[in-house]
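# Tertiary structure, described
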Amino acid sequence: MSNQTLEVTAQALVAKEKGILASDEGPDVLADRFSRIGVDPNPDNGTAYREILFTTPNLERHLSGVILYDDMLRGSASDGRRFVDMLADKGIIAGINADGGFHALAGCPDEFVTEGLDGLRARLAAWAELGARFTKWRAAIRVGPGMPSRAAIDANAHALARYAALSQEAGLVPAVEPDVMMTGDHDIGQCAAASEAVWHATYRELRRQRVNIEGTILKTNMVLPGDDCPVQAGAEEVAEVTIASLRRAVPAAVPGIAFLSGGQSDLAATQHLNAMNRRTGHPWELTFCYGRAILEPVLTAWHGNAANAAPAQAALRHRTEMNGLARTGQYAADLEQQRAA
Ligand code: 13P
């Protein structure tokens with residue numbers, strides 16, 4: 001696959017007014033999300049839920065891409081249409097969760113390394129054949145006393161670069177995802193230091209392993225205090241510190257940064273993205289690649305009841321519209337009510 005094709009896809013993923021939906025919950029995560037709203041996590045309910053998402057009218061207005069899990073990339077709606085074809089018909093780019101999950105890192109208590117490199121080349125080729133055009137691989141990084149350790153940073157950076165190089169070889173744009181998690185009581189400065197160290201190590205490895213940076217996107221955390229930190233930050237501080245940290249560590253050649261929500265509320269995730277996009281002086285497109293911050297309100301509206309399909313789709317359209325506005329700094333809290341269906 002040519003570098004040019006990768007670069008065109010990467011740019012399309014971070015197009016203005018658009019972002020990415022991370023609906024790549026594997027069976028265990030989906031079961032957990034369903035159980036919280038009292039829905040049986042059987043395959044029929046899983047299909048019904050995805051069908052509601054992907055038949056939402058005008059979904060493409062604010063979504064450039066959707067990340068799927070392996071079963072969904074292969075899966076079909078109740079009328080037999082493949083989910084990936086439904087997305088392609090809307091001009092939405094299909095992505096695939098390519099990692100094997102994060103596991104305890106030996107020798108480093110409470111830290112993780114993401115597995116899944118063995119056999120990855122063949123899986124990537126199969127996913128490309130099925131219609132995927134981009135991939136994601138999440139490295140989960142803890143902040144706390146002695147964390148992140150050098151070992152955790154380097155092991156995850158190495159795996160991210162191996163995965164990214166293999167993705168590009170298969171013609172797939174890697175969404176490189178180092179996620180410095182909100183879990184803990186660390187303050188925003190500790191998150192900034194950890195994030196910068198992780199981004200530095202990640203780009204050093206990507207370069208070493210000959211990844212074409214222009215043909216990637218960065219999917220990463222905003223710089224935030226831990227969820228148990230007594231001092232929480234306002235949107236302006238989050239925007240200022242996040243952009244300052246990114247500027248120190250992420251090459252300008254990266255076409256765009258798509259933030260994960262990571263446990264922020266839906267409104268906070270939108271406000272933070274908006275505050276960043278109101279600022280100038282950064283070289284990247286800044287957009288969203290949210291899972292929970294888009295899908296929680298959808299699950300709440302749906303509740304496993306087919307009769308709630310329309311409100312669930314309205315919730316999805318609304319959150320993507322609010323984030324689409326935040327993508328260009330045009331969001332305002334008043335619009336939450338004004339534009340609600
Ligand atoms: P959240 O927005 O729920 O953090 O999910 C995004 C994602 O893709 C995590 O890998």
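Each remark here, short or long, concerns the structure printed above.
Each chain carries its own residue numbering, running from 1 in the written order of its sequence. Restriction of local features to residues with pLDDT of at least 70 applies here, the model being predicted, together with a cutoff of 80 or more for giving and counting side-chain atom pairs; totals for whole chains, interfaces and linings are based on all residues. Hydrogens and water molecules were not included; the side-chain quantities draw on all heavy atoms of the structure.

What follows concerns the pattern of salt bridges. By definition, a salt bridge exists where a carboxyl oxygen of Asp or Glu is found within 4 Å of a side-chain nitrogen of Lys or Arg. Following the criterion strictly, the structure yields 23 salt bridges and no others. One salt bridge connects arginine 82 with aspartate 85, and the closest N-O pair in it is separated by 3.3 Å. With a 1.4 Å probe rolled over the protein chains alone, any residue whose accessible area is under 20% of its type maximum counts as buried; one over 50% counts as exposed, and the rest are partly exposed. Look at arginine 82 and you get partly exposed, because its relative accessible area is 26%. When the shortest N-O distance is used, the salt bridge between aspartate 179 and arginine 138 registers 2.8 Å. Of this pair, aspartate 179 sits in strand 7 (residues 173–180) while arginine 138 is found in strand 6 (residues 134–141), placing the two residues 41 residues apart along the sequence. The two residues aspartate 179 and arginine 138 agree in class, both being buried. Each of Asp24, Lys136, Glu177 and Lys219 takes part in a single network of salt bridges with overlapping partners. In this description a helix means any DSSP run of H or I spanning at least four residues, a strand means any run of E spanning at least two, and both kinds are numbered starting from the N terminus.

Here we come to the site of the ligand. For each residue, the test is whether any non-hydrogen atom lies within 4 Å of the molecule or strand; if one does, the residue is near. Around the ligand lies a shell formed by Ala22, Lys136, Arg138, Glu177, Lys219, Leu260, Ser261, Gly262, Cys289, Tyr290, Gly291 and Arg292. Those elements giving two or more residues to the shell around the ligand turn out to be strand 6 and strand 10 (285–290). Classification used: nonpolar for Ala, Val, Leu, Ile, Met, Phe, Trp, Tyr, Cys and Pro, charged for Asp, Glu, Lys and Arg, polar for all others including Gly. Classifying every residue of the shell around the ligand gives four nonpolar, three polar and five charged.

Okay, the side chain of serine 195 next. Inspection of the secondary structure assignment puts serine 195 in helix 8 (residues 188–208). A residue is classified by how much of its surface remains accessible, and serine 195, at 0% relative accessible area, is buried. Only 3.2 Å separates the side chain of serine 195 from the side chain of asparagine 221, close enough to count as a polar contact. Apart from the residues within four sequence positions on either side, serine 195 is in contact with Val180, Asn221 and Val223. A 3.5 Å cut-off defines polar contacts: any pair of N or O atoms within that distance qualifies, except that in protein one atom must be a possible hydrogen donor and the other a possible acceptor, and neighbouring residues in sequence count only when both atoms are side-chain atoms. Throughout, a residue-residue contact means that at least one pair of heavy atoms, one from each residue, lies within 4.5 Å.

Next up on the list: the packing of aromatic side chains. Whether two aromatic rings pair depends on their centres lying within 6.5 Å, for rings of Phe, Tyr and Trp, where Trp uses its six-membered ring; planes under 30 degrees apart make the pair stacked, over 60 edge-to-face, and the rest tilted. This model, assessed by the stated rule, comprises seven aromatic pairs. Taken together, a centroid distance of 5.3 Å and an interplanar angle of 25° make the contact between tryptophan 137 and tyrosine 163 stacked. Placement of tryptophan 137 in strand 6 and of tyrosine 163 in helix 7 (residues 150–169) is noted, with a sequence separation of 26 residues between them. On the basis of relative accessibility, which here comes to 0%, the residue tryptophan 137 falls in the buried class. For the pair phenylalanine 288 and tyrosine 290, a centre-to-centre distance of 5.7 Å together with 40° between the ring planes defines the contact as tilted.

Moving on to the pairing of strand 3 (residues 93–97). Counting buried positions over the five residues of strand 3 gives five, a clear majority of the element. In strand 3, alternate side chains face the same way, and those of Ile93, Gly95 and Asn97 on one face and Ala94 and Ile96 on the other are all buried. Note that strand 2 (residues 63–68) and strand 3 share four bridges and pair parallel. Considered in strand 3, the bridge of valine 66 is made with alanine 94. The rule for pairing is simple: two strands pair if DSSP sees at least two bridges between them. Examined bridge by bridge, strand 3 and strand 6 share three bridges and lie parallel to one another. Residue glycine 95 lies in a different strand from strand 6, and its bridge partner there is phenylalanine 134.

Moving on to unusual backbone geometry. In this structure, the amide linkage connecting methionine 147 to the following residue, proline 148, adopts the cis form with an omega of 0°. Residues other than glycine seldom take positive phi values, yet histidine 303 does so here, at roughly 55°. Inspection of the secondary structure assignment puts histidine 303 in the loop between helix 11 (292–302) and helix 12 (309–326). Judged by relative accessible area, histidine 303 falls into the partly exposed class, the value being 42%.

What follows deals with the pairing of strand 8 (residues 217–220). Burial of the side chains of strand 8 extends over both faces: Ile217 and Lys219 are buried on one face and Leu218 and Thr220 on the other. Here two bridges tie strand 7 to strand 8, and the two strands are oriented parallel to one another. Residue pairing across strands places valine 176 opposite leucine 218, the latter belonging to strand 8. Viewed with both strands pointing away, a crossover whose connecting path from the first strand over the helix to the second turns clockwise is right-handed. Between strand 7 and its parallel partner strand 8, the chain crosses via helix 8, and the hand of that crossover is right-handed. On the question of chirality, the crossover connecting strand 8 to the parallel strand 9 (residues 256–259) by way of helix 9 (residues 235–249) is right-handed.

As summarised here, the arrangement of the eight strands in space is 1-2-3-6-7-8-9-10, forming a closed barrel in which the pairing is parallel. Shown here is a sheet whose adjacent strand axes are inclined to one another by a mean of 25°, direction ignored. As judged from the four bridges shared by strand 1 (residues 19–22) and strand 2, these two strands associate in the parallel manner. In the strand pairing of strand 2, leucine 21 is matched with valine 66. To obtain each axis, a line is fitted to C-alpha atoms, and for helices this fit is confined to the stretch in contact; angles are then taken between N-to-C directions over 0 to 180 degrees.

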